[in-house]
Amino acid sequence: MVILSRHDHHRCESCIDRLFTLGPAPCPVCNKILRKLAFTPQTFEDLEVEKEVAVRRRIAKEFNKRMEDFPDLRSYNDYLEEVEDITFNLIHDIEIPETEARIAAYRRENAALIELNIQREEQYNRLLKEQEDAERQEREHRAAELRRLEEEEREEREKERQELIDKLETSDKDATRLVAKSRADALRRASARSTAAANSFQSSSKLLRSRAAQNTIVPDAPHVPLQDDWYAYEDMYILRDNYEDPASEAVRRDREGIMKAGGYRVEEAWERALRSAIAGLEIMPAEGIRTVGS
Amino acid sequence: MDAVEKANADRQKRWAKEQKIGEGTYAVVYRAREIATGRRVAIKKIKVGQFKDGLDMSAIREVKYLRELKHPNVIELLDVFSSKTNLNLVLEFLDTDLELVIKDRSLVFLPADIKSWMAMTFRGLEFCHRNFILHRDLKPNNLLIASDGKLKIADFGLARDFADPGYKMTCQVITRWYRPPELLFGCRYYSTAVDIWSVGCIFAELMLRTPYLPGESDMDQLKTIFRALGTPTEDDWPGHTKLPDYVPLGQFPRTPLRDLFTAASADCLNLLSKCLIYEPRRRISTKDALNHPYFFALPYPSHPSKLPKPAAKANSSHPLDEVDGNVDLSGLGPGVKANPPNKLKRKVSSDELGSRSIARRLDFTQHR
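Within any chain, residue numbers begin from 1 and follow the written order of that chain's sequence. Chain A is the first chain written and ligand 1 is the first ligand written, with later ones labelled in order. A pLDDT threshold of at least 70 governs which residues receive local features in this predicted model, and a stricter bar of 80 or more applies before side-chain atom pairs are shown or counted, although totals over entire chains, interfaces and linings include all residues. The side-chain quantities take in all heavy atoms of the structure and omit both hydrogens and water.

## Notes on the environment of B:Thr255
All names here are of chain B. Put simply, DSSP marks the helices as runs of H or I at least four residues long and the strands as runs of E at least two long, and each gets a number from the N terminus on. Note that Thr255 resides in the loop between α7 (218–229) and α8 (257–260). With 28 residues separating them in the primary sequence, Thr255 and Arg227 have C-alpha atoms 8.1 Å apart. Nitrogen and oxygen atoms within 3.5 Å of one another constitute a polar contact, given that in protein one can donate a hydrogen and the other can accept it, and given that sequence-neighbouring residues count only through two side-chain atoms. A polar contact of 3.1 Å, which involves the side chain of Thr255, links it to the backbone oxygen of Ala228.

Next up, the structure:
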């Protein structure tokens, strides 16, 4: 089997095994130090194509911007043009150092976006996989259900047959009419079964698929416990464990234990009193009121 | 026309009533629009003057507390005005409620959806508790869902502020299936923990898609709770035998939650069990619940816009459950709701799927 190295000098598999068993070694053609890892199996007969595929794979990993990352179509097209230029240069070995510099510069400038797009891609793949899993499960479920139904149907048919035989034995009615009646019954039951089964399956699979599709549009955000900014003066007081409070003394003593058992908390009343007292502190007194006695 | 009348007339002019969408003993609900913006709203017209006691208690409570609360997860009271002898509350218009979502068998819930609804419920309730208000009637049908998927706590007809030390509160609050054991034992001094129990029941209901603790009478409710969670011992709940209406109900063993909620994650069951702790003082608080690992674990809570919702129906039969609080009452004060004359109201409507409005109508005639 022919194997291709990254610098285009290909070897057969047995030669590579022979040359590189003892670690890195110079290439017999150009004396460049190589490792076995640098050789990949050749997919295409035409080496040009093989190289282009390798280059494009490498470029796609980093130049992964999407249309929505650009303000308008024009700049997106310019970007695509640039990517194509770079790819062309790499494939045809034109201005390699300059091109590599361009790639490095791009990588520096867009590190965050590249990372984000990699994540987006991963998420999309994960969703696809989840959806596939769900569908596979559904198929298995459906197959099991079908088997169960078939089994039931078979048992039922068996039962009907037995009943018919019993009836024919004991009843004095016309035999052909009894047979016809039992046939009609069986037919009716079978059709009812098949429609019911079809309905129940179709709906749940469709629903699951539509939910999975939604997931790609609006992302779920991590939980944030409180989302309002309503100020409750919590930074302006510290609730103590105990207060000198004659009004609530009986409640706190709680001789019968019913306050405690019912869950009443004197602390909640204290906190309310405190907050009410503090809430008015920053309000300036109304102006223009004459002080009494002056 | 004096200044007050003029101000009232100006307010009234901001809203245009469109269509009646529900009627009860105490209130009629209309769909309406804000004239300036075209925004959809609901107007709840409270009938005054035909009752000798004056304004309905639940209407007073509703105005009193909703005026104070403004939060993304609490229904917004936009305006209040009077027309002739009636009081009109202008409320946010909301599409559906969590009960309808739970009952709609064509919807599939993901674990992330349940997490999202629970987070929104806890956020709304935390805001009420931060403002020293007990809701006292949490149930799926009072958790309304806006068109963008956001959940909002509604129906403050049984709400009250925290009692001062030593002042009694009524124990005849909270719809039975969501009522905590301390209220069933007749406790008159309680706290925010009563609402947490209701949220725990709703949490379980979201996973089971059927009410978790459906007792048929107050006594049976306690038995149902004990059958599910085991009879509490003095260690589980110190002092509960001294509560006013305590009666021994026999010993039931505790079955692990895991047996019933087979698909739930460990975090999820941990939070559920903390909402359903017998001793009210040890039950989790809204703040602690919102910081529970369940909410931070993967999967992230679903974005509200992706939450499952029943398909839109013909507009005339549109249920607006904000009306519920007043519609159900039959004039016996707040206790009525907890002890509805038609005890199996929800069952009746659940038996005939989709005939919700009919079940309601039957209810009305009974009260008339």
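## Here we look at the interface of chain A and chain B
By the convention used here, residues are in contact when the closest approach between their heavy atoms is within 4.5 Å. With 36 residues of chain A at the interface, the matching set in chain B holds 45 residues. Taking both sides of the interface into account, the surface hidden between chain A and chain B amounts to around 3700 Å²; carbon and sulfur atoms contribute 58%. Here, a salt bridge means any Lys or Arg side-chain nitrogen found within 4 Å of an Asp or Glu carboxyl oxygen. On the surface where chain A and chain B come into contact, there are four salt bridges. Among the salt bridges present, the one from A:Glu234 reaches B:Lys287, with a minimum N-O distance of 3.9 Å. Along the contact surface separating chain A from chain B lie 17 residue pairs in polar contact (both at pLDDT 80 or more). Within the residue set of the side of chain A that touches chain B, elements represented by two or more residues are α6 (175–215), α8 (258–262) and α9 (266–279) of chain A. When residues of the side of chain A that touches chain B are assigned to their parent elements, the largest contribution, seven residues, is made by α9(A). Two parts lose some accessible area (1.4 Å probe) when they are put together, and adding that loss for both gives the buried area.

## Considerations on the UniProt feature "binding site: ATP" (unreviewed entry) in chain B
All names here are of chain B. In the numbering adopted here, UniProt assigns the feature "binding site: ATP" (unreviewed entry) to Ile21, Gly22, Glu23, Gly24, Thr25, Tyr26, Ala27, Val28, Val29, Lys44 and Lys45. You can see Lys44 is positioned in strand β3 (residues 40–46). Here Glu62 takes part through its side chain, which lies 2.9 Å from a polar atom of the side chain of Lys44. UniProt positions are given in the numbering used here, feature names are shortened, and annotations may be inferred rather than shown by experiment.

## Section: the UniProt feature "active site" (unreviewed entry) in chain B
Here the UniProt-annotated "active site" (unreviewed entry) positions come out as B:Asp137. Among the structural elements, B:Asp137 can be located in the loop between β7 (133–134) and β8 (143–145).

## Brief notes about the pattern of salt bridges
What the rule picks out here adds up to 42 salt bridges over all chains. Residue A:Glu151 is joined to A:Arg154 by a salt bridge in which the shortest nitrogen-to-oxygen separation is 2.9 Å. Of this pair, A:Glu151 and A:Arg154 both sit in helix α5 (residues 111–170), three residues apart, which is roughly one turn of that helix. Think of it in three bands: with a 1.4 Å probe and only protein chains considered, a residue is buried below 20% of the maximum accessible area for its type, exposed above 50%, and partly exposed in between. A residue is classified by how much of its surface remains accessible, and A:Arg154, at 44% relative accessible area, is partly exposed. Here B:Lys309 and B:Asp95 are joined by a salt bridge, their closest N and O atoms 3.6 Å apart. Separated by 214 residues along the polypeptide, B:Lys309 in the loop between α11 (293–296) and α12 (324–328) and B:Asp95 in the loop between β5 (86–92) and β6 (96–97) bring together distant segments of the chain. Salt bridges sharing partners connect three or more residues here, namely A:Asp228, A:Glu234, B:Glu126, B:Arg130 and B:Lys287.

## Brief notes about the pairing of β5(B)
Residues and elements named next belong to chain B. For β5, the buried fraction is high: seven of the seven residues fall into the buried class. A pair of strands is considered paired only if DSSP assigns at least 2 bridges between the two. Bridge count for β3 against β5 is six bridges, and the pairing is antiparallel. Its bridge partner lying in β5, Lys44 is registered against Leu89. In terms of strand pairing, strand β4 (residues 77–83) meets β5 through six bridges, oriented antiparallel.

## Points about the sheet that holds strand β1 (residues 15–23) of chain B
Residues and elements named next belong to chain B. Strand order in the open sheet formed by five strands is β1-β2-β3-β5-β4, and the pairing between neighbours is antiparallel. Each edge of the open sheet is held by one strand with a lone partner, namely β1 and β4. Recorded for the sheet is a direction-independent mean angle of 25° between the axes of neighbouring strands. Axis geometry follows a simple rule: fit a line to the C-alpha atoms, using only the stretch in contact for helices, then measure angles between N-to-C directions, giving values from 0 to 180 degrees. Against the sheet, helix α1 (residues 3–13) engages β1 and β4, with an angle of about 120° to β4.

## Concerning the state of the cysteines
Two cysteine sulfur atoms make up a disulfide if the distance between them is within 2.5 Å. Tallied over the full model, the rule gives zero disulfides over all chains. The cysteine B:Cys268 is free of any disulfide, with B:Cys275 supplying the nearest cysteine sulfur at 10.0 Å.

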